[in-house]
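# Examination of the molecular architecture
Each chain is listed here by its residues.
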Amino acid sequence: VFGTVLLGRMNAGAGAERIPGPFMNTLPVRMDVADTDVVGAVRAMQAQLAGLLVHEHAPLALAQAASDVPTSVPLFTALFNYRHSGRVRSDEPQSGATRPGGVAGMRVLLGEDRTNYPLAVSVDDLGVGFGLTTGVVAPGDPELVCELLQTAVEGLVTALEEAPRTPLRAVEVLAPSGRERVLAEWNDTDRVVSEETVVALFERQVARDPGAVAVVWGDESLSYGELDERASRLAGVLRGRGVGLESVVGVLLERSVDLVVALLGVWKAGGAYVPLDPSYPAERVGWVVGDAGPVCVVTVSGLVGLVSGVVSVPVVCLDDPGVVVELAGVDPGVDLGVGLGVGGLGGVAAYVMYTSGSLGVPKGVVVCQRDVVGLVVDGCWGEVVGRRVLGWAPFAFDASVFELWVTLVGGGVVVLAPVGEVDGGVLRSLVGGGGLDRVHVTAGLLRVLVEEDAGCFGGVGEVLTGGDVVPSWVVSGLLGAVPGVVVRHLYGPTEVTLCATQWVVGGVGSGSVPGVLPIGRPLENTRVYVLDGGLELVPPGVVGELYVAGMGLARGYHQRPGLTAERFVACPFGEPGGRMYRTGDLARWTADGQLVFVGRADDQVKVRGFRVEPGEVEAVLAAHPGVGQAVVVAREDGPGDKRLVAYVVPNTGEITAADLRTYVGARLPEFMVPSAVVVLDELPLSVNGKVDRAALPAPEYSYGAGRGPATVAEELVCQVFGEVLGV
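What counts and what doesn't
Residues numbered from 1 in each chain as written. Predicted model: local features only at pLDDT ≥ 70, side-chain atom pairs only at ≥ 80, totals over all residues. Heavy atoms only, no water. 1 Å grid on protein atoms, 1.4 Å probe; cavity = no way out; pocket = protein on both sides within 12 Å on 5 of 7 lines; lining within 4 Å. Points joined across faces, edges and corners; volume = space filled by probe spheres on them. Helix = DSSP H or I, 4+ residues; strand = E, 2+ residues; numbered from the N terminus. Nonpolar A, V, L, I, M, F, W, Y, C, P; charged D, E, K, R; others polar. Core = buried A, V, L, I, M, F, W, Y, C linked by side-chain atoms within 4.5 Å. Buried < 20%, exposed > 50% of the residue type's maximum accessible area, 1.4 Å probe, protein only. Contact = heavy atoms within 4.5 Å. Polar contact = N/O pair within 3.5 Å; in protein donor to acceptor, adjacent residues only side chain to side chain. Domains from an automatic or database assignment. Axes fitted to C-alpha atoms, helices over the stretch in contact; angles between N-to-C directions. Left-handed = near helix turned anticlockwise from the far one by under 90°. Salt bridge = Lys/Arg side-chain N within 4 Å of Asp/Glu carboxyl O. Pairing = 2+ DSSP bridges. Expected span 1.5 Å × (residues − 1). Patch = residues over 30% accessible without salt bridge, like charges linked within 9 Å, V, L, I, M, F, W, Y side chains within 5 Å. Areas by Shrake-Rupley, 256 points an atom, 1.4 Å probe, with all protein chains shown as cover. Phe/Tyr/Trp six-rings, centres within 6.5 Å; stacked < 30°, edge-to-face > 60°. Lys NZ or Arg CZ within 6 Å of the ring centre and 35° of its normal.

## Digging into empty space enclosed by the protein
Sizing a probe to match a water molecule and rolling it over the atoms shows the empty space that remains. Applying the stated rule across the entire model yields two cavities of 30 Å³ or more. Looking at the largest cavity, its volume works out to about 90 Å³. The wall of the largest cavity is formed by 14 residues, among which L375, C499, T526, M551 and G552 lie closest to the centre. A total of three residues in the lining of the largest cavity trace back to one element, the largest contributor, which is helix α10 (residues 369-376). A per-class count over the lining of the largest cavity returns seven nonpolar, four polar and three charged. Considering the residues around the second largest cavity, the lining is formed by P275, Y280, R284, V288, Y354 and A396.

## What about the nonpolar core?
Residues L227, V372, W381, W405 and L408 are the most contacted members of the largest nonpolar core, which totals 142 residues. Broken down by element, the residue count for this core peaks at nine residues, all from helix α7 (residues 257-268). If near-sequence neighbours (up to four positions away) are discounted, W381 is found in contact with L375, V376, R387, F402, V406, R438, L464, R488, L490 and C499. A454, F457, V460 and V474 belong to the second largest nonpolar core, which has 35 residues in total.

## Considerations on the side chain of D585
Within the secondary structure layout, D585 lies in strand β25 (residues 579-589). A polar atom in the side chain of D585 sits 2.7 Å from the side chain of R600. The contacts of D585, once residues within four sequence positions are left out, are Y491, G544, E545, L546, F597, G599 and R600.

## Here's the deal with the domain arrangement of the protein
Accessible area lost upon the coming together of the parts serves often as the stated size of an interface. According to the domain assignment, the protein consists of domain 1 (2-87 + 114-173) and domain 2 (605-679). Each of domain 1 and domain 2 has a C-alpha centre, and the two are 45 Å apart.

## Some points on the packing of helix α5 (residues 198-208) against α7
Axis separation between α5 and α7 bottoms out at 9 Å; the angle between their running directions is 115°. Seen from above, α5 lies across α7 with left-handed handedness. Residues V198, V199, F202 and E203 of α5 pack against L264, W267 and K268 of α7. Across the contact of α5 with α7, the residue classes tally to five nonpolar, no polar and two charged.

## Comments concerning the pattern of salt bridges
Counting across every chain of the model gives 23 salt bridges. Measuring nitrogen to oxygen at the nearest pair gives 2.8 Å for the salt bridge that ties D228 to K268. In this pair, D228 sits in helix α6 (residues 224-240) while K268 sits in helix α7, placing the two residues 40 residues apart along the sequence. According to the relative accessible area criterion, D228 is buried, its value standing at 16%. Overall, K268 belongs to the buried group, its relative accessible area being 8%. With a closest N to O distance of 2.7 Å, R600 and D585 form a salt bridge.

## Some details on unusual backbone geometry
In this model, E246 sits at a positive phi of 70°, which is unusual for a non-glycine residue. Within the element layout of this structure, E246 appears in the loop between α6 and β8 (248-251). Take E246: its relative accessible area is 37%, and that puts it in the partly exposed class. Of note in the backbone geometry, L498 takes a positive phi value of approximately 75° without being a glycine. Among the secondary structure elements, L498 is positioned in the loop between β18 (486-491) and β19 (501-506). Under the relative-accessibility criterion, L498 is labelled buried at 7%.

## Examining the sheet that holds strand β4 (residues 119-125)
As a general point, the strands of a sheet are linked pairwise by backbone hydrogen bonds and lie either parallel or antiparallel. The strand order β2-β1-β3-β4-β5 describes an open sheet built from five strands, whose pairing is mixed. A single partner strand is all that each edge strand has here, and the edge strands are β2 (25-29) and β5 (130-136). Averaged over neighbouring strand pairs, the angle between their axes works out to 25° when direction is ignored. Running at roughly 140° to β2, helix α1 (residues 38-52) makes contact with β1 (2-6) and β2 of the sheet. Against the sheet, helix α3 (residues 142-162) engages β4 and β5, with an angle of about 140° to β5.

## Side note on α6
With 17 residues, α6 should reach 24 Å at 1.5 Å per residue; the first-to-last C-alpha distance of 25 Å fits that figure. Turning to α6, its buried residues are Y224, L227, D228, A231, S232, R233, L234, A235, V237 and L238. Immediately downstream of α6, the backbone of G242 shows phi near 95°, a positive value.

## Observations regarding the environment of G347
Examined against the element boundaries, G347 turns out to sit in the loop between α9 (321-328) and β12 (349-355). Judged by its relative accessible area of 31%, G347 is partly exposed. Through-space distance from the C-alpha of G347 to that of T197 is 8.9 Å; in sequence the pair is 150 residues apart. Setting aside chain neighbours within four positions, we find G347 in contact with E195, E246, C368, R370 and R555.

## Here's the deal with a nonpolar patch on the surface
The grouping of V717, V720, F721, V724 and L725 at the surface amounts to a nonpolar patch, some 530 Å² of accessible area in total. Given a relative accessible area of 67%, V724 falls into the exposed group.

## Here's the deal with the side chain of N187
As for its placement among the helices and strands, N187 is situated in the loop between α4 (176-183) and α5. The buried category is assigned to N187, whose relative accessible area is 4%. Looking at N187, its side chain comes within polar contact range of the main-chain oxygen of L183, at 3.5 Å. Those residues in contact with N187 that sit more than four places away from it in its chain are V182, P522, T526, R527, V528 and Y529.

## Focus on the packing of aromatic side chains
Applying the stated rule across the entire model yields 16 aromatic pairs. Judged by centre distance (5.1 Å) and plane angle (40°), the ring pair of F397 and F610 falls under tilted. Taken together, the residues F397 in the loop between β14 (388-391) and α11 (399-410) and F610 in strand β28 (residues 610-612) connect sequence positions 213 residues apart. In this structure, F397 and F610 share a single accessibility class: buried. Positioned over the ring face of Y663 is R667, at 3.7 Å from the centre of the ring.

Following this line, the structure appears as structure tokens:
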């Protein structure tokens, strides 16, 4: 949809061209470019403009009222004006003579084009040629717009002359040089990576310095040699339980040294681990176990109750006396015959990590060894040997892949946080006591920590963040509080092995932080494309859907071939047989080749760094016998404070918000439980019968028990706190 300028004198009668005064009007034009050819598009536009002349005096406000677009949203933000005036462009010689097409006896003394729209394009038909003028609000590039228009017009004219049935979407908009830039130059990331496994790379590090510290957890620590030995012993036990190549092994453990041993032991046995977070409800753990189909589960006696009665496969309790004896009896130097310590097995599954699913159930992402290897050997991480990295991310969250395996393969030290949430106080104690060099925190937690005390990162050399939109002021505040710190902004869903792109700021002589943080450029052996609905490249500055290709792409979704085929599609830009992942994220290129995240193409949201499909939460709510309808949205009623809110319509009888939150909490992880539940008599609908999400009322969050202010002073203090907190 764009706006077009109407003269306003076409239906005004004879002599209308000599009547002084502004008659011009602007009205919207809508064109469907999806399924039409070039000649059909030209004829359709001609017919639409001819029909629009009947309404050339209709006010734009009337057009807005007749649409389903809210009055707060403009009908269009781009204006196109085709002028038959015969005007001479401003760069041509001027004279006092009347211009061709002008009015006899009148001459133009001064002219200046102005517009209220961020993008305005004017075409002057000079009779012997065309003049093109663009007005673009920064950061738009008017020269780029002119270049794109020229390329498109040339392609359109050629198609009309030579092949009028050419699909309109096939007309090139990018010039060959621009296409080469976004396709190859900004994706020049090739690097040779051997077909090895993470186990092989880790064992090589063990051989270099077996006595170096690998993992620290409180007062407990393991050297590289000790970690390798313990993992090898566990691998021998797992082999005896039937674990081999491509076997799935459930791991149900809290953050601890045992957890790191278990994950590495599964790999040494040839298997792929499935994280089972002990904080999840038993129903959720049981569902994941049932879907993943593990050959055994590794846990401890204090957690075995979560899988008792759920699995019919062997359970290996690491603290069971019999298992302890069995582990001691395994010779860690014996070759298990799996072969993960040598090359050629990069395609073997490494882990199956479950994320929220839009169809009401979670989906398991299968990531292979070569994908993890591509991440850990990427040159962006620099020197890792001896660097102390905080390990706090839940191991069911892919940030743990960076914290553990980038660090251990590179010769660093993983400093495990204590069990529980990590806040500013815990982080400060870990930085001071553990001498951390690198810390990864989600976008939401980073905002909270910087607000509370940005100085808690003092001494940290590098802070990594991502998982959601990172406000610019947060990064600026961190850089100001901790001079010299480097901030690495990562982007990537679980399906691309943690991250596909990154943007770095900070360090010595760092530049300013832009108003919107870019997500940067692709990692090594990764390619990113911003495409339109027809899988065609879009120009820099234009929003499209982001696709990721190259190393790091997951194998697909566990036992979900249909969904795998839908999201992992054929790549038209690489070698035959190549794939790319459709992220569902909207992005655009900047003029200098940086990606900027814009939003989502669907309803998926990020809450505290975790990916949430509202449809999965809605499905659980709808299963409650007292709920007739349910809608779940992510609201940001305060800056940076994104929360899930559920709106329900009762089926019969009385239901309370507290009961529904308890019901959901027994079935879904804590981060998927709505912060508030609003019970409505009916859901608001738009004119086309869909749920009007913008009309859903703001919820009242529960902040716990307390008394009201008893004095004027207390009332004033409460008012101040309320204004600051936005409650």
